[in-house]
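An overview of the molecular structure
Okay, here's what each chain looks like letter by letter:
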Amino acid sequence: MIAGFIQRITSLAIWGTVCALFSLFISSGAVVLSAVILVLLLAVIAVMLGPQFVAASWIIGSPTIFGFPNEILRPLPFVTMERLMLILLMVMVFLRIAFSKEKTRWLPLEITIVIFLVYAMLSLSLHTDMLRLSQDGWLWIQYMLPMSSFIVSRRIAWSEQGLKTLLAILSFTGVFIAITGILQSQFGINIFTMNYQTITAGHTARAYGTFSSAHTYVATLFIFLTITLLQYNLSKDAFIRFVLLIAMAVIAVGIVLGGTRGPWIGAAIAFAIVFVKHPQSRPFMVFGGTIAFFLGLAFFVVMIEHLDSFINRVTNIGTLEGRAAVWATAVNMISDNPVFGVGFGSTAFSLNKAEYITGIGSLTAQYAVYLGVPHNEYLHVAVLLGVPGLILFLIIHFRLVRLMFEVFDTEKGDALTRYLGLYMAAIIIALMFNSFFSDTYIQDYFWMLTYFLAGIAAGNMEQRYKLEPESLNGGILYNAGK
């Protein structure tokens, strides 16, 4: 009884002090200090709600509302809401593991990720200086953030209902992002474009939503579309299927307005994989694809006089000429620095380009002048880290794809987790194709979302069904039922 009384008095004193300080700062105009207290309070509440809540808030908030607090955090180097949330999530997950009797073994995939990140960090430390440290550190974080999200999310257990809720919220997040792009491109409404964002040259006339490029916008929407298609194919409720159908239609409009061909082709590859591996999806994909084709054709015929810029964008091959020349320059750079590359850094390619710039075929070196990155993720990694870095990078992605297919092929497991593995494998393959034409890791969010969902698929299959993974060429072979 005395212990309970002391606990209540202590709690009253702590929260009374917090409320008093918050009121004092508000009344005196110290908005920043008030905001700090509010953020800390929200962080405590989030921690109490568990890692699932923090993870969902992180992955949903990043492309939607995090831009606003990021405006305030800009003066702090390397500090963004996304990074703070990931750090909080890491601490929560690994503290829980440290005090738990159940240990989650490290996969060869995760070990490869750590080796790659350490290798990149060592290269960065040897080649950067104080003037470039901030930008070079940013580039390393662009690889660390998504890859480490797999390691973290694999260690968070989701109930079947919790996973269904998360995927449903992600679908509506996709609708929200699609609508912001539609409003921005068609009506000039840029509420969610932050002051610190620099829109990629040549993308201002296209839909880019809350992002800095149309490419990121379309690639992100493609993932949300695929997730929504997964839910549609597994749902039996007519009303839910209707809502998901509307969501897919809105997201598809955003993808079209983004006008970016690489993600379009990648999406076609992903849907072909789903079509082959998930027979139940075929009737809807054939019917929906046919309807979308004829609606698109009718719209094109009616609005052809107003679609000049869109047609020019889709049919223009001038951008491929610049890419071909800059690819040749990157290959020239790699051939001269095959072991360790030119060094990991955000401007490493552009700083060395003058020495290695070249053309290819009838394309002169002039075509490579205006591009500061190779517009090919694999060439970019090889330029920065050499062939060993590229090999590690490829191993990560091949192991990730194989792991997702093994989740799908597991004999024991609920349909949602198994098919999440299949759809994530298709998404990863699509993004790997997309990476042939763009430096995808310097773009925010869509790789982070991909690794995060892949981690959920792998972790759920292990944790919920207590399956023991065995190392098999870097993946997992689930022996359930064998």
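Provided above is the structure to which this section pertains.
What counts as what
Residues numbered from 1 in each chain as written. Predicted model: local features only at pLDDT ≥ 70, side-chain atom pairs only at ≥ 80, totals over all residues. Heavy atoms only, no water. Helix = DSSP H or I, 4+ residues; strand = E, 2+ residues; numbered from the N terminus. Expected span 1.5 Å × (residues − 1). Buried < 20%, exposed > 50% of the residue type's maximum accessible area, 1.4 Å probe, protein only. Core = buried A, V, L, I, M, F, W, Y, C linked by side-chain atoms within 4.5 Å. Contact = heavy atoms within 4.5 Å. Phe/Tyr/Trp six-rings, centres within 6.5 Å; stacked < 30°, edge-to-face > 60°. Lys NZ or Arg CZ within 6 Å of the ring centre and 35° of its normal. Salt bridge = Lys/Arg side-chain N within 4 Å of Asp/Glu carboxyl O.

1. Let's talk about helix α5 (residues 81-98)
Here α5 contains 18 residues, and its C-alpha end-to-end distance of 25 Å stays within 8% of the 26 Å for a straight helix at 1.5 Å per residue. Buried within α5 are the following residues: Met81, Glu82, Arg83, Met85, Leu86, Leu89, Met92 and Val93.

2. Some words on the nonpolar core
Counting residues in hydrophobic clusters, the biggest one holds 121 residues, and the most contacted among them are Phe116, Tyr143, Met147, Leu170 and Met404. Broken down by element, this core gets its largest block of residues, 17 residues, from helix α16 (residues 377-409). With near-sequence residues (within four places) excluded, Met147 lies in contact with Ile113, Phe116, Leu117, Phe393, Ile396, Tyr441 and Tyr451.

3. With respect to the side chain of Thr220
Inspection of the secondary structure assignment puts Thr220 in helix α9 (residues 214-234). If near-sequence neighbours (up to four positions away) are discounted, Thr220 is found in contact with Ile177, Phe211, Tyr445 and Phe446.

4. Brief notes about the packing of aromatic side chains
Applying the stated rule across the entire model yields 20 aromatic pairs. Here Phe116 and Phe393 contribute two aromatic rings whose centre-to-centre distance is 5.8 Å and whose plane-to-plane angle is 40°, an arrangement assigned as tilted. Taken as a pair, Phe116 in helix α6 (residues 108-127) and Phe393 in helix α16 lie far apart in primary sequence, 277 residues in all. The class of Phe116 is buried, set by a relative accessible area of 0%. Relative accessible area serves as the criterion here: at 1%, Phe393 is assigned to the buried category. Taken together, Phe116, Tyr143, Phe344, Tyr378, Phe393, Phe436, Tyr441, Trp447 and Tyr451 form an aromatic cluster joined through their ring pairs. The ring of Tyr232 is capped by Arg241, whose NZ or CZ atom sits 4.1 Å from the centre of that ring. Over the ring of Tyr419 we find Arg418; its NZ or CZ atom is 5.6 Å from the centre of that ring.

5. Some details on the pattern of salt bridges
Counted by the stated rule, this structure contains 6 salt bridges. Between Arg154 and Glu110 there is a salt bridge, and its shortest N-O distance comes to 2.9 Å. Within this pair, whereas Arg154 is found in the loop between α7 (133-153) and α8 (160-187), its partner Glu110 is found in helix α6, the two being separated by 44 residues in sequence.

6. A closer look at the environment of Thr200
Along the chain, Thr200 falls in the loop between α8 and α9. Judged by its relative accessible area of 35%, Thr200 is partly exposed. Remark: the alpha-carbon pair of Thr200 and Ser213, spanning 13 residues in sequence, is separated by 5.3 Å.

7. Describing unusual backbone geometry
Most peptide bonds take the trans form, and the phi angle of most residues other than glycine is negative. Unlike most non-glycine residues, His375 shows phi in positive territory, near 55°. Topologically, His375 is positioned in the loop between α15 (348-356) and α16. Of note, the phi angle at Tyr445 is positive, near 90°, even though the residue is not glycine. Judged by relative accessible area, which is 5%, Tyr445 ranks as buried.

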